[in-house]
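# Overview (structure and organization)
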Amino acid sequence: MNSRITTSRTVIVTNPDGWHLRAASVFAQVADRFESKVEIVVHTKEEPRRACGTSVLQMVSLGIPEGSEVLVEATGSDAEDALRALTALIQMDFDDPHEIQNKKRTSDAPDPETSAGR
Amino acid sequence: MKFADFMTRESILAGVTADSKEAVIREMVQALLGAGRIEADELESIVKAILKREELGSTGIGRGVAVPHTKHPSVDRLVGTVAVSNEGVDFDSLDGEKVYLFFLLVSPPDRPGDHLRALENISRQLRDDTFCRFLKQSKSADDIQQLLDEADNNQFVSQ
């Protein structure tokens, strides 16, 4: 795959209920639409903890409260699209995913940090 | 947060025979009432609130597990219970599979942190295949309570 890239961006969770069950479910459903592999990472005092972006169980088990910084990482041919959709979803407090399309057009967020593929 | 912080032996259900989403939720909320964890006149309201939450998207999160829950102003602390079905219940799960393990939570509206920590604990334990297998094989509420106690003592996960 010549276009396999890894891209990541840190987002702050503003949802008052944190990364709760429905949030994780919606995130997983959106992540699943992309070919790219998606992971989320939270930094704790001990060590970074990772969860698969399509596993509700793994994400909820990180217990991410409001105000947390979460690194969203996507690897694959559509990594940038995946990252844009998923970070918009977090910024909308995990609202209905179909609203992402509207949000994307108005988003003036900086480009995500992009690095070479693994 | 540990299971012991929000679950009591009296409300645990082994071998539930309910065969629908509403029936199993109702049976679990009834068990919370039987254990004195909720008020009798709030039962219907709590059942309805949990079913309404299910309409937003099933809490059947795959691996045969569901976590039906709601916020409700009638409780002043997080209360929960667990039920095991031997036959499995159609729960509109994300993976389309039947649900065998149910963790039901009712939390005060102003305590999202407690709810999140309970979810964290439940999901962390459920990531362990041994815990899930033993729980599914439980024949009695005492068996389930023992497993929850062992989980609280970190006997299943090292994280």
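Summary of the structure given here. (Residues numbered from 1 in each chain as written. Chains lettered and ligands numbered in written order. Predicted model: local features only at pLDDT ≥ 70, side-chain atom pairs only at ≥ 80, totals over all residues. Heavy atoms only, no water.)

### A look at the pattern of salt bridges
The condition is simple: Take a side-chain nitrogen of Lys or Arg and a carboxyl oxygen of Asp or Glu: if they are within 4 Å of each other, that pair is a salt bridge. A run of H or I in DSSP becomes a helix once it reaches four residues, and a run of E becomes a strand once it reaches two; helices and strands are each numbered from the N terminus. Relative accessibility decides the category of a residue: with a 1.4 Å probe and only protein chains considered, values under 20% of the type maximum give buried, values over 50% give exposed, and everything between is partly exposed.
Enumeration according to the criterion identifies 13 salt bridges over all chains in this entry. Where Glu 73 of chain A meets Arg 50 of chain A, a salt bridge forms, and the shortest distance between an N and an O atom there is 2.9 Å. Pair noted here: Glu 73 of chain A is in strand E4 (residues 69-76) and Arg 50 of chain A is in strand E3 (residues 48-52), with a separation of 23 residues, a long-range link. The partly exposed category is assigned to Arg 50 of chain A, whose relative accessible area is 38%. In this structure, the salt-bridge partner of Asp 114 of chain B is Arg 117 of chain B, at a minimum N-O distance of 2.9 Å. In this pair, Asp 114 of chain B and Arg 117 of chain B both sit in helix H3 (residues 112-126), three residues apart, roughly one turn of the helix.

### A short note on the interface of chain B and chain A
Bring the parts together and some accessible area is lost; that lost area is often taken as the interface size. Worth spelling out the cut-off: Contact criterion: two residues are considered in contact whenever any of their non-hydrogen atoms come within 4.5 Å of each other. Here's the idea: put two parts together, see how much 1.4 Å probe accessible area each one loses, and the total over both is what we call buried area. In the analysis that follows, any N or O atom pair within 3.5 Å is treated as a polar contact, provided that within protein one partner can donate a hydrogen and the other can accept it, and provided that, for residues neighboring in sequence, both atoms belong to side chains.
Chain B puts 18 residues into the contact, and the matching count from chain A is 19 residues. Three residues, Ile 61, Leu 116 and Arg 127 of chain B, lead the burial of chain B against chain A; their summed loss comes to 36% of the area buried on that side. For the interface between chain B and chain A, the tally reads one salt bridge. Seen at the junction of chain B and chain A, the total is three residue pairs in polar contact (both at pLDDT 80 or more).

### Notes on the pairing of E4 of chain A
Residue and element names in this part refer to chain A. This is how it is decided: What makes two strands pair is DSSP finding at least two bridges between them.
Counting buried positions along E4 gives six out of eight residues, so the element sits mostly inside the fold. Pairing of strand E1 (residues 5-12) with E4, which is carried by eight bridges, proceeds in the antiparallel orientation. In the strand pairing of E4, Thr 10 is matched with Leu 71. Sheet topology places strand E2 (residues 37-43) next to E4; six bridges connect them, and they run antiparallel. Bridged to Val 41 within E4 is Leu 71.

### Quick look at the packing of helix H4 (residues 129-137) of chain B against helix H5 (residues 141-152) of chain B
Residue and element names in this part refer to chain B. The test is simple: Think of each axis as a best-fit line through the C-alpha atoms, taken over the contacting stretch in the case of a helix, with angles from 0 to 180 degrees between the N-to-C directions. Convention used here: angles under 35 degrees read as roughly parallel, angles over 145 as roughly antiparallel, angles from 65 to 115 as roughly perpendicular, and any remaining angle as oblique. Each crossing is labelled by how the near helix is turned from the far one, with a counterclockwise turn of less than a right angle marking it left-handed and a clockwise turn marking it right-handed. When residues are grouped by polarity, Ala, Val, Leu, Ile, Met, Phe, Trp, Tyr, Cys and Pro land in nonpolar, Asp, Glu, Lys and Arg in charged, and all others, Gly among them, in polar.
At a minimum axis separation of 9 Å, H4 and H5 run at an interaxial angle of 165 degrees. On the basis of the axis angle, H4 is roughly antiparallel to H5. As H4 packs across H5, the resulting crossing turns out to be left-handed. Residues Phe 131, Phe 134 and Leu 135 of H4 pack against Ile 144, Leu 147, Leu 148 and Ala 151 of H5. Across the contact of H4 with H5, the residue classes break down as seven nonpolar, no polar and no charged.

### A look at helix H1 (residues 21-34) of chain B
In an α-helix, one full turn covers 3.6 residues, which means residues spaced three or four apart are oriented alike. Residues and elements named next belong to chain B. What counts here: Helix span, as expected, comes to 1.5 Å for every residue beyond the first. Here the arc refers to the directions that run from the helix axis out to each C-beta atom.
Taking 1.5 Å of rise per residue, the 14 residues of H1 would be expected to cover 20 Å, and the 20 Å separating its terminal C-alpha atoms lies within 8% of that figure. Among all positions of H1, only Lys 21, Val 24, Ile 25, Met 28, Val 29, Ala 31 and Leu 32 are buried. The buried residues of H1 occupy an angular sector of 150 degrees when projected down its axis, which confines them to one face. Each element contacted by the buried residues of H1 is listed here: helix H2 (43-55), strand E4 (79-89) and strand E5 (99-107). After H1 finishes, the residue Gly 36 shows a positive phi value of roughly 75 degrees.

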